[in-house]
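Descriptive structure summary
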Amino acid sequence: MTEGLRFVTLRSGEPVPALGQGTWHMGENRRRAAEEAAALRLGIDLGMTLIDTAEMYGSGGAEEVVARAADGIRDGLFIVSKVYPHNASSAGVVAACERSLKRLATDRIDLYLLHWRGSMPLAETLEGFQRLERDGKIRHHGVSNFDRADMAEWEALQGGGTVAADQVLYNLGRRGPEWDLVPWCREHQVAITAYTPLGTGGMLANAALGEIARRRGATPAQIALAWLLRQEGTIVIPKASRPEHVGENRGALDVSLTEEDLTALDRAFPPPRGQSSLGML
Ligand SMILES: NC(=O)c1ccc[n+]([C@@H]2O[C@H](COP(=O)([O-])OP(=O)(O)OC[C@H]3O[C@@H](n4cnc5c(N)ncnc54)[C@H](OP(=O)(O)O)[C@@H]3O)[C@@H](O)[C@H]2O)c1
């Protein structure tokens, strides 16, 4: 189902789906693996073909769930995975990627990210990414949980100007990236991937969100996702293991927010004022 899908163009010129699927907490329990893979497959069938995972999730179990969902349809997917900072030396990145490829049952990862900044020099990690790219084991590289200063540091490395994406905590209730990171990424054509787009805690129970959802004939989750999806260069990766959630999230692509809705959302969830603040889960 490709109707109504939206795409984000990476700085390499390649379009990728704006609405994908997350996998955190999948693959933690073998008995649930089949239903988790089925939920991902449903999302894929609905056009959410960008799948985000990490070596960390379920200690590799989530990558195995992704492999199950991708069985027979790998070429139609854009798979994102992440390396732990403690594995991010130039040799460590390569070894971690080989392990991920095995669990993912594939020969390449489409976008490989440094999960967060640790003590390893960034130049070492980039060297590992470049080697993997030369060997065809990853197609693009990027980072996660990097603030604006981290991004500028990475970009200034020799060969750093090909970083494709920064994956950060960004939702209606956590708008910190808008202060200086989002403008920087737009200027440099680095895609922002918004993680935890549905928020944690009570965000979806907010009264203003509920009112807008009623007006649009949508659900609060769809409004929260539509608000992110309307922003240029932003990839959104909700995680859903229940099929009803998967279908609902896909429906966010059909929701158009009006100026009135956006003003009401700004009142309920004010944009950041005054300084950079990037949260992390
Ligand atoms: N780079 C990083 O450091 C980082 C950190 C956190 C997350 N991530 C990535 O971002 C993805 C998404 O973030 P997240 O998993 O933290 O949070 P999220 O996608 O905002 O929320 C997931 C939770 O919301 C529920 N849900 C899904 N669709 C819903 C709907 N339509 N209505 C109501 N509830 C719904 C899910 O339930 P069910 O599963 O029961 O359907 C699950 O409990 C992760 O899975 C991961 O891939 C990256």
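Coordinates for the structure precede this section.
Parameters at a glance
- Each chain carries its own residue numbering, running from 1 in the written order of its sequence.
- Predicted model: local features are reported for residues with pLDDT of at least 70 only, side-chain atom pairs are reported and counted for 80 or more only, and whole-chain, interface and lining totals are derived from all residues.
- With hydrogens and water stripped out, all remaining heavy atoms of the structure feed into the side-chain values.
- Here the term buried applies to any residue with accessible area under 20% of the maximum for its type, exposed to any over 50%, and partly exposed to those in between, with areas from a 1.4 Å probe on protein chains only.
- Secondary structure elements are taken from DSSP: a helix is a run of H or I of four residues or more, a strand is a run of E of two residues or more, and numbering for both begins at the N terminus.
- Pairing between strands requires that DSSP locate at least two bridges from one strand to the other.
- Convention used here: a crossover is right-handed provided that the path from the first strand, over the helix, to the second strand proceeds clockwise when the strands point away from the viewer.
- To qualify as a nonpolar core, a set must consist of buried Ala, Val, Leu, Ile, Met, Phe, Trp, Tyr and Cys residues joined through side-chain atoms within 4.5 Å.
- Using a 1 Å grid laid over the protein atoms alone, points where a 1.4 Å probe fits but cannot get out form a cavity; open sets with protein on both sides within 12 Å along at least 5 of 7 lines form a pocket; any residue with an atom within 4 Å of a point counts as lining.
- Grid points are joined across faces, edges and corners, and a volume is the space filled by probe spheres set on the points.
- For this classification, Asp, Glu, Lys and Arg are treated as charged, while Ala, Val, Leu, Ile, Met, Phe, Trp, Tyr, Cys and Pro are nonpolar and the rest, including Gly, are polar.
- Between the first and last residue of a helix there are one fewer steps than residues, each counted as 1.5 Å, and that sum is the expected span.
- This arc is built from the directions going out from the helix axis to the C-beta atoms.
- Note on contacts: a residue pair qualifies if any of its non-hydrogen atoms lie within 4.5 Å across the two residues.
- Any N or O atom pair separated by 3.5 Å or less is treated as a polar contact, with the protein-specific requirement of one donor-capable and one acceptor-capable atom, and with residues adjacent in sequence counted only for side-chain atom pairs.
- Lines fitted to C-alpha atoms define the axes here, with helix axes fitted over just the stretch in contact, and angles between the N-to-C directions of these axes take values from 0 to 180 degrees.
- We call two directions roughly parallel when the angle between them is under 35 degrees, roughly antiparallel when it is over 145, roughly perpendicular when it lies between 65 and 115, and oblique otherwise.
- Helix crossings are classified by the rotation of the near helix relative to the far one: an anticlockwise turn of less than a right angle makes the crossing left-handed, while a clockwise turn makes it right-handed.

This part is about the pairing of strand β8 (residues 191-195). With five of five residues buried, β8 lies mostly within the body of the structure. Neither face of β8 is open: one carries Ala191, Thr193 and Tyr195, the other Ile192 and Ala194, and all of them are buried. Bridge analysis of strand β7 (residues 165-169) against β8 gives five bridges, and the strand direction is parallel. The residue bridging glutamine 167 from the neighbouring strand is threonine 193, located in β8. Taken together, β7, helix α6 (residues 181-187) and β8 constitute a β-α-β crossover, and its handedness is right-handed.

Now for the nonpolar core. Residues Tyr112, Leu114, Trp154, Ile223, Leu257 and Leu265 are the most contacted members of the largest nonpolar core, which totals 91 residues. For this core, the leading source of residues is helix α8 (residues 220-229), giving eight residues.

Its boundaries defined by the atoms lining it, the largest pocket holds a volume of some 600 Å³. As for the largest pocket, its lining consists of 32 residues, and the residues nearest its centre are Trp24, Thr196, Pro197, Ile237 and Lys239. If you tally residues by element for the lining of the largest pocket, the top one is helix α9 (residues 243-250), at three residues. Broken down by class, the residue content of the lining of the largest pocket amounts to 14 nonpolar, 13 polar and five charged. Taken as a whole, the second largest pocket holds about 160 Å³ of empty space. Sorting the residues of the lining of the second largest pocket by element identifies β1 (7-9), α6 and β8 as the ones contributing at least two each. When residues of the lining of the second largest pocket are assigned to their parent elements, the largest contribution, three residues, is made by α6.

This part takes up helix α4 (residues 122-134). An ideal rise of 1.5 Å per residue puts 18 Å on 13 residues; α4 measures up with 18 Å between its terminal C-alpha atoms. Inspection of α4 places Leu122, Thr125, Leu126, Gly128, Phe129 and Leu132 among the buried residues, and these make up the whole buried set. Viewed along the axis of α4, the buried residues span an arc of 160°, placing them on a single side of the element. Structurally, α4 contributes buried residues whose contacts are with β4 (78-83), α3 (90-104), β5 (109-114), β6 (138-144) and α5 (148-155). Immediately downstream of α4, the backbone of glycine 136 shows phi near 75°, a positive value.

Bringing empty space enclosed by the protein into the picture now. Evaluated as defined, the whole model comprises two cavities of 30 Å³ or more. Of the pockets and cavities examined, the largest cavity occupies roughly 40 Å³. Those elements that provide at least two residues to the lining of the largest cavity are β3 (50-52) and β5. Of the residues assigned to the lining of the largest cavity, the class counts are six nonpolar, two polar and one charged. Looking at the second largest cavity, its volume works out to about 30 Å³. Forming the boundary of the second largest cavity are Gln21, Met48, Pro238, Ala240, Val246 and Asn249.

Quick look at the side chain of arginine 175 now. By the secondary structure assignment, arginine 175 is in the loop between β7 and α6. Of the polar contacts made by the side chain of arginine 175, one reaches the backbone oxygen of phenylalanine 269; its length is 2.6 Å.

Now for the packing of helix α1 (residues 33-45) against helix α2 (residues 61-70). For the pair α1 and α2, interaxial distance at closest approach is 8 Å and the crossing angle is 55°. When the axes of α1 and α2 are compared, the pair comes out oblique. Of the two elements, α1 crosses α2, and the hand of that crossing is right-handed. Of the residues in α2, those touching α1 at Ala33, Ala34, Glu36, Ala37, Leu40, Arg41 and Ile44 are Val65, Val66, Arg68, Ala69 and Ala70. Along the lines of polarity and charge, the residues of the contact of α1 with α2 split into nine nonpolar, no polar and three charged.

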